[in-house]
Structure formats: C-alpha cells, structure tokens
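One-letter residues, chain by chain:
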Amino acid sequence: MSKLMIIGCGGVASVAIHKVCQNDQVFDELMIASRTVSKCDALKEKLQEKTRTKITTAQIDADDTEALTQLIRDYQPDAVLNVALPYQDLTIMDACLAAGVDYIDTANYEPEDTEDPVWREAYEKRCKELGFSAYFDYSWQWAYADKYKEAGLTALLGTGFDPGVTSVFAAYAKKHYFDTIDTIDILDCNGGDHGYAFATNFNPEINLREVSAPGSYLENGKWVEVPAMSIKREYNFDGVGKKDMYLLHHEEIEALGRNMPEVRRIRFFMTFGQSYLDHMRCLEDVGMLSTTPVSYQGQEIVPIQFLKALLPDPASLGPRTKGKTNIGCIFTGMKDGKKRSIYIYNVCDHQSCYREVGSQAISYTTGVPAMIGAMMVVTGQWKKPGVFTTDEFDPDPYMEALNQWGLPWVVEENPVLVD
Ligand code: NDP
C-alpha cells in the first residue's frame, strides 16, 4: 500500500491518474497537485466513486521549490510522479530531496527560457563537446546522482513510452535475446488521424521544440548531427501500414549510449504526415516556433507559447482520433555466435484508449508507463539510491506490468531492418 503525489493534470497526467486509480491495490492514496486546481478537482470528482484510492487535490506552482517542499512534507507521499512539464524537473527534484521522497518523471529537463545565460553557457559547451544541439539533455538531472545517493533516494527518469518503455525493451533484449547488441533503431509510428490540418499529440511547445531540432544519432560512441527531417525512411508498421518516418534526436539515445556503450549505433525515427511537416516548416520560417520573447503592443509574447494557445488542446483530440500507434525497437546483434535481429513493439488503438480513459493513444502510451514506473519504485522492485533511467533495472517486472496494464508487446524475430 502506498501514497503517491502526482504533479500536473494535463493529457499524460490524466491517464496516469486513471491508471493509479485502477491500481488501487498498490496506490491507496493519491494527491493530484497542479497549477490549475479545478482540473484536479474535476478528475477527482470523475474517479472517486470508481476507485478505492483516496484522492486529494492541491494547487501548486511547481516552479516554487519551497512551496512544493512544504506540500510534500505535509502530505508525506512515498514518491512524487512529475507529469507537469520538463521545465519543472529540477525544482521538483530539489523539493523531493529536501522532503526526502523518491522522484519519477517522463521527460528530461529543458529550460523554459533558452536565453537564460547560465543555461546557455552550459548548453553551448555541451554542443561543442558532445556534438548535439537539442535543448534537452540528461546532464542537468544526472548531476543529482550523488545527492540522491547520499540521501538514499531513488530518482527514476523518463518512464513514458519513448523514453521509458523503449529503454526497458533494450534492457529486456540484452537480458534475454543477445550476448551483444550491435544496433538499436527506435521506431515511433502514429497512424492516428484527428481530422485537423495541424495539431500536436502532446504539449505543443515541448513537441514542436523536439521535432524542429536537428536530428542526431550515436555511432561508435560519437554523435552525428544532421539537419531536421533530412533523413527519411519508409517502413511498413504492423497495425498501421506504410509510413514515412524521419530521424530525430531523442533523449533515450543519450542514456542508452551511456549505459550500453557496446552498441555501435543507436537511432530514433518518428513518423510524420506531409501536412504536419508543411505546417511546421511554415511556422518555423515565420518565427512562430521561437522561444525568445518578442514585444507586441507593449506586451511580452513568447511566439511558441502564443501558438500553443491557438492550437487544439491535445487532451481534446481523444474523441476525434482514429487509428493506431506502433512504437518499438529493432535490435541487431549476436547470440551464441550467430547473428540475430528482433523487433519488440506495442500496437495501441486510439479509440480503445479513449473508451477506457477518455484520452488518445499518445497520452495513454505515456501515462500507463508513468504509473508503472511509479509502481516499480513504491513497491521496491526498482529502488536503489541514485538517479537512473529505465534501462538500469531488471526489465522483467516492468514488461509483465505492460501486458497487465494495457500496453501488451510482441517480439518478432528477423524483422525488416531499416537501412
Ligand atoms: P500538458 O501541457 O497537457 O500538461 C502539463 C500539466 O502540467 C498541466 O496540467 C499544467 O497545468 C501543469 N503545469 C505546468 N506548469 C506547471 C507548474 N509550474 N506547476 C504545476 N503544474 C504545472 O502536457 P502533457 O500531459 O502532454 O505532457 C506532460 C509531460 O509528459 C511532459 O513533460 C512531456 O514532455 C511528457 N511526455 C513524455 C512522453 C514520453 O513518451 N516519455 C511522451 C509525451 C509527453 P495547467 O493545467 O495549469 O496548464
């Protein structure tokens, strides 16, 4: 029995909260704490009758470490699950340290203000030294490793689908299928159609920053960076069919590269339709993806935040989205002296997710692993002092939980490889 605090009450949080409430054997108490408390109250109202989990709510600005530390101290949860935005990762990690509770999230830190001089200096140094220029990286959170170790606390980073499940797939492949892994290709396909010419499936600001950044991959321990969307492949996805996919920088490449240095090449591909790409290019060309504030009629406006206000709320896409997602990893390597290749993936149906929890599959495939990660930590199955990603624990109980909690996976031998 355990007590969890969830921070954030958006698309991903809503699914994680539904799943925590379904899993009332493990989570008997839950606090939903977010910036807009009315959203937390509405979810509590919807779920309280259907679960034995005792739900409370609170208003919190997670940028305010002191207030958050006090809230955690008052509530005394076993762990805090951060499904607010990556901007809050460090303040929430600080508050968890101060209050002495375990920390879990789904996305690595990036700054809200990319012009912040302290962040920019470290960023420019990292771009030069490591060779990838995405705004997000693990260095900020890995820097907490000693503090968490000394405090005897666990921080589990990135337990969404990608990152998250994809790294568990890698640990599972390494444990059960290979003596050595040579290459990993992570393929993220969304075959869903929401009927809008342009909308993002999760927080628009975070999503557009990610996909408009240069692509990069790791080869022989070194980053290779290429212009955004310049490497394109076609793949025939089970449950979806043929889709164009593009090489992107993605955070699990960095963690897998560090934790599995023997892997020769790690790449990440995501599918995009032509309409999405055309809109994104145009918005970028006119400056609407910029994170730098501009002054407009005496008011400071961050273009990408203004764009977010115009775009459909990802949470509203649920009833409109039809089709399936297929996310997984293709591994090649050696087993017992012979070459081997496998593909581990999950197919998820947007409408089934909506019927179950009122959300589309992108929120679902992130929110379910967020709950599972929290469960791994609070039940002690994944508990060790320090800061870790999901590839650094025994993958078996997590893989079993995926089957149980709505994200069943398959292992296909000899899949079609990506050239
Ligand atoms: P949303 O924008 O839908 O929700 C974010 C929530 O956080 C909102 O409820 C928002 O409050 C709240 N919030 C924002 N700032 C603060 C603050 N300062 N204090 C307290 N609460 C705050 O985002 P998503 O649900 O789409 O994404 C959530 C997280 O999941 C993100 O970090 C995203 O990067 C990650 N993600 C991870 C994936 C993976 O596979 N690993 C895939 C998709 C997303 P308000 O209601 O007031 O706006």
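This one's a predicted model, so the numbers in the text were calculated from it and none came from an experiment. (Residues numbered from 1 in each chain as written. Predicted model: local features only at pLDDT ≥ 70, side-chain atom pairs only at ≥ 80, totals over all residues. Heavy atoms only, no water.)

Quick one: what's the story with the environment of C40, residue by residue and with numbers?
Along the polypeptide, C40 turns up in helix α2 (residues 37–47). Given a relative accessible area of 0%, C40 falls into the buried group. Sequence spacing of C40 and D185 is 145 residues, and the spatial spacing of their C-alpha atoms is 38 Å. The residues contacting C40, other than those within four sequence positions of it, are C9, I32, A33, S34, T57 and A58. (Helix = DSSP H or I, 4+ residues; strand = E, 2+ residues; numbered from the N terminus. Buried < 20%, exposed > 50% of the residue type's maximum accessible area, 1.4 Å probe, protein only. Contact = heavy atoms within 4.5 Å.)

How would you explain the sheet that holds strand β2 (residues 27–34) if you had to name every residue and give the values?
Within a beta sheet, neighbouring strands are joined by backbone hydrogen bonds and run either parallel or antiparallel to one another. Strands sit in the order β3-β2-β1-β4-β5-β6-β17 across an open sheet of seven strands; the sheet is parallel. At either end of the open sheet lies a strand with only one pairing partner, and these are β3 (54–59) and β17 (386–389). Looking at each pair of strands side by side, their axes are set apart by 20° on average, direction ignored. Of the strand pairs in this sheet, β2 and β3 are connected by six bridges, and their pairing is parallel. Within the sheet, the bridge partner assigned to I32 lies in β3 and is T57. Across the face of the sheet, α2 comes into contact with β2 and β3 while running at roughly 170° to β3. (Pairing = 2+ DSSP bridges. Axes fitted to C-alpha atoms, helices over the stretch in contact; angles between N-to-C directions.)

Break down the site of the ligand for me, with residues and values.
Around the ligand lies a shell of 28 residues, among which V12, T36, K39, A62 and N203 are the nearest. At a separation of 2.9 Å, an oxygen atom of the ligand approaches a polar backbone atom of C9. Surface burial for the ligand is 93%, taken as the share of its 940 Å² of free accessible area covered by protein chains. Tallied by class, the residues present in the shell around the ligand amount to 13 nonpolar, 10 polar and five charged. (Near = heavy atom within 4 Å. Polar contact = N/O pair within 3.5 Å; in protein donor to acceptor, adjacent residues only side chain to side chain. Areas by Shrake-Rupley, 256 points an atom, 1.4 Å probe, with all protein chains shown as cover. Nonpolar A, V, L, I, M, F, W, Y, C, P; charged D, E, K, R; others polar.)

Account for the pairing of strand β9 (residues 222–226), with residues named and values stated.
With five bridges connecting them, strand β8 (residues 215–219) and β9 associate as antiparallel partners. Bridge assignment links G215 to a residue of β9, and that residue is V226. In this antiparallel pair of consecutive strands, β8 and β9, the connection spans two residues, and N220 shows a positive phi of 50°.

Requested: an account of the UniProt feature "domain: Saccharopine dehydrogenase-like C-terminal" (unreviewed entry) in the chain, with residues and values cited.
Under the UniProt annotation, "domain: Saccharopine dehydrogenase-like C-terminal" (unreviewed entry) lies at residues 160–406. Along residues 160–406 one finds 35% helix and 30% strand; the C-alpha atoms at either end are 14 Å apart. (UniProt positions renumbered as here; feature names shortened; annotations may be inferred.)

Please give an account of the nonpolar core that cites residues and values.
One finds I6, I17, F169, I184 and F331 to be the most contacted residues of the largest nonpolar core, which totals 91 residues. Looking at this core, the element that brings in the most residues is helix α14 (residues 361–378), giving 10 residues. In terms of nonpolar packing, the next biggest core, distinct from the first, is built from 32 residues, A58, L71, A155 and L157 among them. (Core = buried A, V, L, I, M, F, W, Y, C linked by side-chain atoms within 4.5 Å.)

Go over the packing of aromatic side chains with me, naming the residues and quoting the values.
The description of an aromatic ring pair rests on the distance of the ring centres and on the angle between the ring planes. By the definition in use, this model includes 20 aromatic pairs. Seen in terms of ring centroids, Y343 and Y345 are 4.7 Å apart; in terms of plane orientation they differ by 50°. Their pairing is tilted. The cationic tip of R258 hangs over the ring face of W142; the distance from NZ or CZ to the ring centre is 3.8 Å. The positively charged end of K384 is found above the aromatic ring belonging to F393, 4.7 Å away from the centroid. (Phe/Tyr/Trp six-rings, centres within 6.5 Å; stacked < 30°, edge-to-face > 60°. Lys NZ or Arg CZ within 6 Å of the ring centre and 35° of its normal.)

Go over the pattern of salt bridges with me, naming the residues and quoting the values.
Tallied over the full model, the rule gives 18 salt bridges. The salt bridge involving E356 is made with K19; its shortest N-O contact spans 2.6 Å. Highlighted residues: E356 in helix α13 (residues 350–357) and K19 in helix α1 (residues 11–22), separated in sequence by 337 residues. According to the relative accessible area criterion, E356 is partly exposed, its value standing at 37%. Between K175 and D396 there is a salt bridge whose closest N-O contact spans 2.8 Å. In this pair, K175 sits in helix α8 (residues 165–176) while D396 sits in helix α15 (residues 395–404), placing the two residues 221 residues apart along the sequence. Accessibility expressed as a relative area gives 24% for D396, which makes it partly exposed. (Salt bridge = Lys/Arg side-chain N within 4 Å of Asp/Glu carboxyl O.)

Could you give an account of the state of the cysteines, naming the residues involved and the relevant values?
Disulfide: a covalent bond connecting the sulfur atoms of a pair of cysteines. Taken as a whole and judged by the stated rule, the model has zero disulfides. Here C9 stays free of any disulfide, with the sulfur of C40 as its closest cysteine sulfur at 4.2 Å. The exposure class assigned to C9 is buried, which follows from its relative accessible area of 11%. Residue C21 stays outside any disulfide, its sulfur separated by 11 Å from that of C9, the closest cysteine. Here C21 falls in the buried class, since its relative accessible area comes to 4%. (Disulfide = S-S within 2.5 Å.)

Any details on α13? Residues and values, ideally.
Side chains three or four residues apart in an α-helix point the same way, a direct result of the helix having 3.6 residues per turn. For α13, the full list of buried residues reads H350, C353 and V357. Projection of α13 onto a plane perpendicular to its axis shows the buried side chains occupying an angular sector of 60°, all on one side. Looking at the buried residues of α13, the elements they touch are α1, α2, β7 (180–190), β15 (324–335), β16 (338–349) and α14. Two to three positions downstream of the cap, the backbone nitrogen of Q351 sits 3.2 Å from a side-chain oxygen, assigning the N-cap of α13 to D349. Phi turns positive, to about 75°, at G358, one or two residues after α13. (Arc of directions from axis to C-beta.)

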